[in-house]
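Here's the letter readout for the chains.
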Amino acid sequence: MTATAPARRPRPASARRPRGAAAPWLLMAPFLAMFALVFVAPVGYAVYQSLITVRRRGLFGEDGRETAFAGLENYRIALENDAFTASIGRVLLFGAVQVPVMLALALLLALLLESASAAWPGLFRALYFLPYGVPGVVASLLWGFLYVPGLSPLVDVAALVGLEVDPLGPGTVLWSIANIVTWQFAGYNMVVLIAQLKSIPRELYEAARIDGAGPVQTARRVQLPLIRPALVLTAVFSIIGTLQLFVEPLVLAQFTPNIDSGYTPNLGAYGSAFTDNQYNVAAAQSVLVALAAFALSFSFLALVHRMGRNR
Amino acid sequence: MTAPAPARPAAAPEDSGARRRPRPAGPKARTKILVTAVLAVAAVYFLVPVYWVFVAATKSTPDLFGTFGFAPAEWNLGANLHQVLSSNDGIFLRWSLNSLLYSVVGGLGATLLSAAAGYAMAVYDFRGRRLLFGVILGGVMIPGTATALPLFLLFSQIGLADTYWAVLLPGLVSPFGLYLCRIYAEASVPASVIESGRVDGAGELRIFFAFGLRMMTPALVTVFLFQLVAIWNNYFLPLVMLADERLYPITLGLVTWQSYQGRDTDMYMQVVVGSMLSVVPLAAAILVLQRFWRGGLTEGAVKG
């Protein structure tokens, strides 16, 4: 994460004094304790759980349970489960389409709002940001209602102009989910981009204008290169978010039979743990999702880094 | 926001910044109309579901299915509200209070913890600082859903699962909050202030509470709002942790109601009105507070 690696700054001169050597640790203790409890311990525990297997002794488990080291057995079970690998493929396809569309929309809105040509930019910015404050559950419910035939005014309007749409059909429901995610987070990403657009020094705009650049050229040659860190940051967060997809398909599954219980990797892991009582396989699935998020984020960062050097 | 921060980070933009900066090109009337039209179309997209739920919540159940969704029908909001708020001994109100408790207490706690740790990392030079900071930032990259299941297994072993603590404790940690606090403290807490505090004989903790916290106020507002919304919107963690319906936040309660609606069409209206009610507080908060957000977002995006 280039964006989260701040450059080294000169420390205050007083910092190297031996006096108050315990102070930083006192100040950090509450955070570190909670971080250990809710981040380090669960990650360690998930890895441990994913490497063991619990066997019941006796015909009905009446003789107690025993724990054995299973190696990568749980990972094998998880990866040989066709529904799970299919769900990974599904979210990758989803992300390959949804993330660029959402970021393009966020970028377009940010550039338009920051251009001289926008009326009421403050009002529009607030309206676009509004969905970020709507819980994912509620956003999914609202769009779910707007997708249901017989209830949805959108389907009615489409029928008026002769279009027959079924947002909950087997081929379309994935993109209906993509719409919900885009609706929720485009405005948030837009705000991140605007924040960095505002930090571009005005001299650069003047120089571009003197060189005869129009708004489109200014956007391409001045604004886009300078907001790269913000674009990278929003892309990485979006990639992590895509692999976590859970609430939207869960809620929409109540409206349509075209979403099954293992539609996304997270739904699958949740089902393994609480429906099938296979905690160890669920742990392996969680670790795989986290690893995929890491791998994708880092390959994306590496790609961006290489493209930046080849310029 | 009248914090006596002498050196605001350059990255935190003022709200009026847009108006001060000269525009890259002279605006022409026709472009302005075109751009504004595009922005208005986008606004319609972002507002449609919200508009729909406010209209739908005023209808009766037959009208919900029988009339055009975007047009109002006979006014039935009062009866709907009564139905939602009295259903199951007023459980919706309880869910709302739970959401409020989880997000406000979690948000305040996370802010204080992040502030203390971020300040310490910015002001003191100590062994292992870089390593520690790197590990904590790694936490930003770990999907919250990946830690929820093992955290549930851990919490059930120590008897915390299915209690208020199960949702409150994880809300107290915000790696992103620590990151914001650290870079903000580096830019806005001058060494001279700490030095003069020491000369006056104040202890290090006292200096943090008396000066550090106050100088970091703008960053603290951002961290608090981030965490408040994140906890309010969270669904997966409470789903995994809670079995007792009375401990549910709104998000979990609404999905429970939604799962009944196949059996009972009146439940549709309850879910619609419940959704409408849950949009109101955060939508209002966002419209009022959105200018505070941008400062913090900038730090995350721009520094580095």
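Quick caveat: nothing in here was measured; it's all calculated off a predicted structure. (Residues numbered from 1 in each chain as written. Chains lettered and ligands numbered in written order. Predicted model: local features only at pLDDT ≥ 70, side-chain atom pairs only at ≥ 80, totals over all residues. Heavy atoms only, no water.)

Residues Leu 26 of chain A together with Leu 112, Leu 205 and Phe 209 of chain B make up a contiguous nonpolar surface patch of about 370 Å² in total accessible area. Structurally, the position occupied by Leu 112 of chain B is in helix α4 (residues 77-123). (Patch = residues over 30% accessible without salt bridge, like charges linked within 9 Å, V, L, I, M, F, W, Y side chains within 5 Å. Areas by Shrake-Rupley, 256 points an atom, 1.4 Å probe, with all protein chains shown as cover. Salt bridge = Lys/Arg side-chain N within 4 Å of Asp/Glu carboxyl O. Helix = DSSP H or I, 4+ residues; strand = E, 2+ residues; numbered from the N terminus.)

Here we take up helix α5 (residues 129-141) of chain B. Compared with an ideal rise of 1.5 Å per residue, which puts 13 residues at 18 Å, α5 of chain B spans 19 Å between its outermost C-alpha atoms and is within 8% of the ideal. Buried within α5 of chain B we find Arg 129, Phe 133, Ile 136, Leu 137, Gly 139, Val 140 and Met 141 of chain B. Each element contacted by the buried residues of α5 of chain B is listed here: α1 (23-51), α10 (228-243) and α13 (279-309) of chain A together with α4 and α8 (175-188) of chain B. (Expected span 1.5 Å × (residues − 1). Buried < 20%, exposed > 50% of the residue type's maximum accessible area, 1.4 Å probe, protein only. Contact = heavy atoms within 4.5 Å.)

Per the UniProt record, the feature "domain: ABC transmembrane type-1" (unreviewed entry) sits at residues 88-300 of chain A. Across residues 88-300 of chain A, helical content stands at 73% and strand content at 0%; the span's end C-alpha atoms are separated by 18 Å. (UniProt positions renumbered as here; feature names shortened; annotations may be inferred.)

Looking now at the packing of aromatic side chains. According to the stated counting rule, one finds 40 aromatic pairs over all chains in the structure shown. Arranged with centres 6.5 Å apart and planes meeting at 80°, the rings of Tyr 119 of chain B and Tyr 124 of chain B form a pair that is edge-to-face. Ring pairs connect the aromatic residues Trp 120, Phe 124, Tyr 128, Trp 143, Tyr 147 and Trp 183 of chain A together with Tyr 45 and Phe 46 of chain B, which therefore count as one cluster. Directly above the ring of Tyr 263 of chain A sits Arg 90 of chain A, whose terminal nitrogen or CZ lies 4.3 Å from the centroid. One residue, Arg 182 of chain B, lies across the ring of Phe 133 of chain B, its end atom 4.2 Å from the ring centre. (Phe/Tyr/Trp six-rings, centres within 6.5 Å; stacked < 30°, edge-to-face > 60°. Lys NZ or Arg CZ within 6 Å of the ring centre and 35° of its normal.)

Here the focus is the pattern of salt bridges. Throughout the structure, instances matching the rule amount to eight salt bridges over all chains. With its nearest N and O atoms 3.3 Å apart, the salt bridge here joins Arg 129 of chain B to Asp 125 of chain B. With relative accessibility at 5%, the residue Arg 129 of chain B sits in the buried group. Among the ionic contacts, a cluster of salt bridges with common partners joins Glu 73, Arg 76 and Glu 80 of chain A.

What follows covers the interface of chain B and chain A. Every contact between the two is made by 121 residues of chain B and, on the other side, 119 residues of chain A. Between chain B and chain A lies a buried interface of about 11000 Å² when both sides are counted; carbon and sulfur atoms form 75% of it. Where chain B touches chain A, the interface holds zero salt bridges. For the pair chain B and chain A, the interface holds eight residue pairs in polar contact (both at pLDDT 80 or more). If you tally residues by element for the side of chain B that touches chain A, the top one is helix α14 (residues 266-302) of chain B, at 18 residues. (Buried area = accessible area lost by both parts, 1.4 Å probe. Polar contact = N/O pair within 3.5 Å; in protein donor to acceptor, adjacent residues only side chain to side chain.)

Right, let's get into the UniProt feature "transmembrane region" (unreviewed entry) in chain A. Per the UniProt entry, the sites bearing "transmembrane region" (unreviewed entry) are residues 21-48, 91-113, 125-146, 173-195, 230-247 and 282-304 of chain A in this numbering. Along residues 230-247 of chain A, the helical share is 83% and the strand share 0%, with 26 Å between the first and last C-alpha atoms.

For the rest of this paragraph, the subject is the UniProt feature "transmembrane region" (unreviewed entry) in chain B. Residue and element names in this part refer to chain B. According to UniProt, the feature "transmembrane region" (unreviewed entry) maps to residues 33-54, 100-124, 131-158, 164-185, 205-232 and 267-289 in the numbering used here. Helix makes up 89% of residues 131-158 and strand 0%. Its end C-alpha atoms lie 30 Å apart. This span, residues 205-232, is 96% helix and 0% strand, and a straight line between its end C-alpha atoms measures 31 Å.

What follows deals with the domain arrangement of chain B. Residue and element names in this part refer to chain B. Domain assignment breaks chain B into domain 1 (29-74) and domain 2 (77-300). Between domain 1 and domain 2, the residue contacts involve eleven residues of the former and eleven residues of the latter. In this structure, the connection of domain 1 to domain 2 is made through zero salt bridges. Linking domain 1 with domain 2 are two residue pairs in polar contact (both at pLDDT 80 or more). (Domains from an automatic or database assignment.)

Non-glycine residue Trp 120 of chain A carries a positive phi angle of around 45°. Within the secondary structure layout, Trp 120 of chain A lies in the loop between α3 (82-114) and α4 (121-129). Of the residues examined, Trp 120 of chain A reaches a relative accessible area of 58% and is grouped as exposed. Residue Asp 162 of chain B is not a glycine yet carries a positive backbone phi of 60°. As for its position among the elements, Asp 162 of chain B is in the loop between α6 (144-157) and α7 (164-171).

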